[in-house]
Amino acid sequence: MIIRRSKFVLVSTQFICTTQELLLLSNMFGLLLIVFVVLIILWHKIRTHHWIKRQVPGPQPWPIVGNIAEHLFGRKTIGQVIKEIYRKYEGYPFVGIFRATHPCLLVRDPEFVHKIMVTDQKAFYNNEFNIDKKIDPLFGQNLFVLRDQDWKDTRQMLTAGFTSLKMKFMYENLTENARRLVEFIQNHPTAEDDGIETRELTKRFTLENVASAAFGIDGKCFESFTELSEFMKLANSVLEPEALSLSRILIQLNAIFPVASYFISFRIIPKEIEQKLVQIVSDVVKYRKENHVQSNDYLQFISQLAKEKGFDDTEITAHSVTFFFDGYESSSNVFTYLLLNLALHPQYQEKIREEIRKVEEENNGEITYDTLNEMKWLDACFYETLRISPFLDILVKKCTQSYKYTPENPDFKKLSVKLYPGDTVIIPYSLLMNDEKYFENPDKFMPERMMNRDNINKAIFFPFGSGARVCIGQRFGLMQIKLGAAQVIKNFQISPDPKTKLPIRLIPFSFLNEVKGGVFLKYKRIERKN
Ligand code: HEM
């Protein structure tokens, strides 16, 4: 209706416009276009000057797309684009690049990385995300996006929820979920012949774990092979890797044009999802209170904090949601890559099986929390997976105090850089650990090199981050992935299904490094002798 009416106006305009008026209109449009292009070129010249005036080397940026055109046009992930620049500037301690219109310093020298992440972290402790907690009360209070004093206070408060003792308490629930995972694979109609899409499979497991730990509920993630439970749908509606959801577009917008987030306030978690999450948490908290139920999970820890600090239901939910979002996607992604690497290198499956047999023999047939940490091959395969198949490529930090760096390592050119509050630095998290300067045959899956991890330079290999912002959920992540992997390897011989396209390709616009087309693995049941 509306379209028709506007068409009518246009048609009638054509009738009443004289040829001269039309000419004038098109001239004006042409003039405006020229002014726009000139402004873009001028702005680009001023922007380009950003690194030139600081005498920082770097590739020539294009207007608007900067140095990341191939990412913006959907041909490569941001990590792949930055990897090419990282490699081209061998011997340089840092490179000045433009992520679209935004100047960023790509740090190459591991000593500089270590200073930013650990020794001089007070000048860099904010992450780049900028989400207003008044607009998005759940994601805005996520530890990863909090800044300055807010981050410090929240980090200090939540650390006690992630101790070894707290993990041990949660281990029992996770063991039950691992049992359900094995049962699910065992009964799966295509497990042996056509394989199972494994990112979807591992997500069921990690989601079930966070459902019980952070929300105190059963996520019903193993109830059906085809249908998604309500909880799974809820999780998918926020962070679905291939879906072009609004939150995904906004995450990209924030990464490409961070300046936009100062003008547009946006939420990552839609209002209706926020309401559902708050409802789930407040119902469980209310039920536990009325029925005097004590639990050992993360929600119990947050409820206890709530009493001391006077949190309302939204605040309790926000902290549970931190555990939920940061706890299931990253772990499911790493768990998938671990299974893929083991499927491609079956000799390590056998080594892990041998370890499991030994551990079970010594512990009445059980894999306990402590023995999980004693399995050296499982540990080595896990860390080698984090190195060779990183779930992220870069970490982005904001400078909060003026800072000067000059390399001391003679391997790097003696160049200095001065950074000011508001400047952005890119830490090449995965590029360092896949650089042949630091790891021989970096493209080869060699868990042996992780057997003596203490000898690896922590300025190069820091899969959980480092310094004050190191991953708070490291213990939980390790525990759920190792436990899940141990149970899968113990019960199944896994191999790649031809549907998995090798070498793998990544989805260009995904927040985490996701395999295009999925990871299909076959699971063949191992018959146990007793
Ligand atoms: C194998 C699984 C995981 C890996 C490889 C991983 C890795 C990381 C990395 C690299 C960072 C950034 C550190 C930095 O900025 O310097 C991080 C931060 C974080 N992770 Fe994890 N993570 C994993 C699992 C988890 C789990 C299970 C949870 C929660 C239950 C979690 C919660 C967080 C939080 C809240 C932060 C932000 C910490 C802060 O800024 O203070 N992660 N993680």
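Criteria and thresholds
Residues numbered from 1 in each chain as written. Predicted model: local features only at pLDDT ≥ 70, side-chain atom pairs only at ≥ 80, totals over all residues. Heavy atoms only, no water. UniProt positions renumbered as here; feature names shortened; annotations may be inferred. Pairing = 2+ DSSP bridges. Helix = DSSP H or I, 4+ residues; strand = E, 2+ residues; numbered from the N terminus. Donors = N, O, S within 2.8 Å, 3.2 Å for Na, K, Ca; no water. Contact = heavy atoms within 4.5 Å. Axes fitted to C-alpha atoms, helices over the stretch in contact; angles between N-to-C directions. Core = buried A, V, L, I, M, F, W, Y, C linked by side-chain atoms within 4.5 Å. Buried < 20%, exposed > 50% of the residue type's maximum accessible area, 1.4 Å probe, protein only. Domains from an automatic or database assignment. Near = heavy atom within 4 Å. Polar contact = N/O pair within 3.5 Å; in protein donor to acceptor, adjacent residues only side chain to side chain. Nonpolar A, V, L, I, M, F, W, Y, C, P; charged D, E, K, R; others polar.

The name given to the protein in an unreviewed UniProt entry is Cytochrome P450, with Ceutorhynchus assimilis as the source organism. Its UniProt record gives the protein the following Function (unreviewed entry) comment, quoted word for word: "May be involved in the metabolism of insect hormones and in the breakdown of synthetic insecticides." Per its UniProt entry, the protein bears the Cofactor (unreviewed entry) comment "heme".

Q: Help me understand the sheet that holds strand S4 (residues 196–197), please; the structure alone is not making it clear to me.
A: The strands that make up a sheet are held in pairs by hydrogen bonds between backbone atoms, and each pair lies either parallel or antiparallel. Strands sit in the order S4-S10-S9 across an open sheet of three strands; the sheet is antiparallel. Of all the strands in the sheet, the pair left with one neighbour each is S4 and strand S9 (492–496). Bridging between S9 and strand S10 (residues 520–525) involves five bridges; their strand directions are antiparallel. Residue pairing for S10: Pro496 is matched across the bridge by Leu521.

Q: So what exactly am I meant to see when it comes to the coordination of the iron atom of the ligand here?
A: In ideal tetrahedral geometry, four donors around a metal make angles of 109.5 degrees, whereas ideal octahedral geometry with six donors gives angles of 90 or 180 degrees. Exactly one protein atom donates to the iron atom of the ligand; that atom is Cys471 (SG), 2.3 Å from the metal. With respect to the helices, strands and loops of the structure, Cys471 is situated in the loop between helix H17 (429–432) and helix H18 (474–491).

Q: Quick question: what am I supposed to make of the sheet that holds strand S5 (residues 395–398) here?
A: With mixed pairing, the five strands of this open sheet are ordered in space as S1-S2-S8-S5-S3. Since the sheet does not close on itself, it has two edges, and those belong to strand S1 (94–99) and strand S3 (126–127), each with one partner. In terms of strand pairing, strand S2 (residues 102–107) meets strand S8 (residues 424–427) through three bridges, oriented parallel. The residue bridging Leu106 from the neighbouring strand is Ile426, located in S8. Packed onto the sheet, helix H2 (residues 19–52) meets S1 and S2 and runs at close to 165 degrees relative to S1. Helix H4 (residues 78–88) rests against S1, S2 and S8 of the sheet, and its axis sits at about 145 degrees to S1.

Q: I'm lost on the environment of Pro421 in this one. Help?
A: Structurally, Pro421 is set in the loop between strand S7 (417–419) and S8. Every residue in contact with Pro421, bar those within four places of it in the chain, is listed here: Cys399, Thr400, Gln401 and Ser402.

Q: Would you mind showing me how to read the nonpolar core here?
A: As a rule of thumb, nonpolar side chains are buried together in soluble globular proteins. In this structure, Leu105, Phe112, Phe324 and Tyr523 are the most contacted members of the largest nonpolar core, which totals 145 residues. Split by domain, this core shows at least three residues from each of two domains, domain 1 (82–124 + 393–461) and domain 2 (134–390 + 463–525). Discounting chain neighbours no more than four positions away, the residues touching Leu105 are Trp51, Val56, Phe94, Val95, Gly96, Phe112, Val417, Leu419, Thr424, Val425 and Ile426.

Q: Is there a simple way to explain the site of the ligand in this structure?
A: Residues in close proximity to the ligand total 28 residues, the closest being Trp151, Arg155, Lys397, Arg469 and Cys471. Arg469 places a polar side-chain atom, nitrogen or oxygen, 2.7 Å from an oxygen atom of the ligand. Elements supplying a minimum of two residues to the shell around the ligand: helix H6 (148–159), helix H13 (313–344) and H18. Element by element, the count of residues in the shell around the ligand is highest for H13, at seven residues. By residue class, the composition of the shell around the ligand is 16 nonpolar, eight polar and four charged. The residues that make up the shell around the ligand include at least three from each of domain 1 (82–124 + 393–461) and domain 2 (134–390 + 463–525).

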